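Here is what each chain is made of, one letter per residue.
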Amino acid sequence: MPRGQTSKLHTHEKRHQAQGGLQHQSSAQATVAKEKAFPSLAPPPFGVLTHRKPAARSRSTLKGSQRALSIKPAGVSATRSYKGANRKTEKKPSSSQAPLTVVHSQGDPLTRATSILVQFLMHMYKRKKPITKANMLKIVNKKYKNRLLEILRRASFSLEVVFGVDLKEVDSTKHSYILVSKMDLPNNGTISPGRGFPKTGLLMNLLGVIFMKGNCATEENIWEFLNKMGVFAGKRHFIFGEPKKLITQDLVKLKYLEYRQVPNSDPARYEFLWGPRAHAETSKMKVLEFWAKINHTVPSAFHFLYEEALRDEEARVKATVTQQAETGATASECSRECLAAPPTPN
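The chain carries the name Melanoma-associated antigen B3 in an unreviewed UniProt entry, which gives Mustela putorius furo as its organism.

Shown next, in the form of structure tokens:
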């Protein structure tokens, strides 16, 4: 081939490669933009929950991102944790009540301190006792007392996303706090009386899945999500107990979830919706905020879900205003009738 034609061919090939590269780069940028617009939902921090005997000392490898948070039973004595604040000796927990270790990342020096503080806060929450900074300082190891705020921030995050409980300061001068459940599940969120852990965090996640699936999630959707958390039907979980009974009976009976057969399904298939108590005690925006916190982002990152949550908030405000207006009109009418009525003779 003549040299001139060879040169032209090389030039054409380079131009084609450059165009292909630009197209590939443009496609990659579009993919990134789409991922940002529709961020994937990370499993909740207890997605790698495992159950070990309280006496176990070994640590398992933390799976997933170092920012992820896992909760595992570990050999941290609950007796030691509470002695400083209450000066009382507690019985050793059974395997079903194994103390919790909050793991932020391997080698984190604050892991144990955070774990003990979480145990203490849950202990106080179950007993409905006030929480003070002075009591927390008695719990935290002396060498970490200057990092109490960081430890408290971690413990607060763990309590919120795992158990659905918020830590709120009630007195800034005395540094006193209370724990408030995001929903009004019976027995401080444990549902059944007696020992156990709050189930509110699990419920908030289930409501999130239902919302994400168009306000109606199939049973397959729910178990696919729960399996990623290490929660399986028929297998007792050390925090949630028997999960199938919890979500298909307990939460349904309490009207937090609706569990119904899919119309015309043969063989029968089932689906989940929000129950009336879920609509009354929380909202799509609150659930979206909960999911955003788990994913370390903001609610608006979930664009379409955020827009729907905003519409839901507007509808709730209008319904409240209408109800207040009707209540006021009824009260005014009753007042006029009472004034017009003749006095009752003695």
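K.L.:
Just checking my understanding: could you explain the overall build of the chain for this structure?
P.N.:
Of the regular secondary structure elements, the chain holds 11 helices and 8 strands. Residues classed as buried in the chain amount to 42% of the 346 residues present.

K.L.:
What am I meant to see in the pattern of salt bridges here?
P.N.:
Pairing between side chains of opposite charge can happen when their charged atoms approach one another. Under the defined criterion, the tally for this structure stands at 12 salt bridges. A salt bridge links lysine 293 to glutamate 160; the nearest nitrogen and oxygen atoms lie 2.9 Å apart. Residue lysine 293 is located in helix H10 (residues 284–294), and its partner glutamate 160 is located in helix H5 (residues 148–163); the two are separated by 133 residues in the primary sequence. Look at lysine 293 and you get partly exposed, because its relative accessible area is 35%. A salt bridge links lysine 182 to aspartate 166; its shortest N-O distance comes to 3.1 Å.

K.L.:
What am I meant to see in helix H3 (residues 111–126) here?
P.N.:
Helical geometry: 3.6 residues make up each α-helical turn, so side chains three or four residues apart lie on a common side. Here H3 contains 16 residues, and its C-alpha end-to-end distance of 23 Å stays within 8% of the 22 Å for a straight helix at 1.5 Å per residue. Buried residues dominate H3, accounting for 14 of its 16 residues.

K.L.:
Can you help me understand the sheet that holds strand E8 (residues 270–274) in this one?
P.N.:
Hydrogen bonds between backbone groups are what pair the strands of a sheet, and the pairing can be parallel or antiparallel. Pairing within the open sheet is antiparallel, and its 3 strands lie in the order E6-E8-E7. Of all strands in the sheet, those bounded by a partner on one side alone are strand E6 (217–218) and strand E7 (257–261). Sheet analysis places E6 next to E8, joined by 2 bridges and oriented antiparallel. By the bridge assignment for E8, threonine 218 is matched with glutamate 271. Docked against the sheet, helix H8 (residues 243–253) engages E7 and E8, running at close to 125° with respect to E7.

K.L.:
Explain the nonpolar core here, please?
P.N.:
Within soluble globular proteins, side chains that are nonpolar generally end up buried alongside one another. Counting residues in each nonpolar core, the largest one holds 69 residues, and the members touching the most others are Leu121, Met136, Ile222, Leu226, Ile247, Leu251 and Leu257. Filtering out sequence-adjacent residues up to four positions away, leucine 257 remains in contact with Leu203, Leu206, Leu207, Ile210, Ile247, Leu251, Val252, Phe272, Leu273 and Gly275.

What counts and what doesn't
- Residues numbered from 1 in each chain as written.
- Predicted model: local features only at pLDDT ≥ 70, side-chain atom pairs only at ≥ 80, totals over all residues.
- Heavy atoms only, no water.
- Helix = DSSP H or I, 4+ residues; strand = E, 2+ residues; numbered from the N terminus.
- Buried < 20%, exposed > 50% of the residue type's maximum accessible area, 1.4 Å probe, protein only.
- Salt bridge = Lys/Arg side-chain N within 4 Å of Asp/Glu carboxyl O.
- Expected span 1.5 Å × (residues − 1).
- Pairing = 2+ DSSP bridges.
- Contact = heavy atoms within 4.5 Å.
- Axes fitted to C-alpha atoms, helices over the stretch in contact; angles between N-to-C directions.
- Core = buried A, V, L, I, M, F, W, Y, C linked by side-chain atoms within 4.5 Å.

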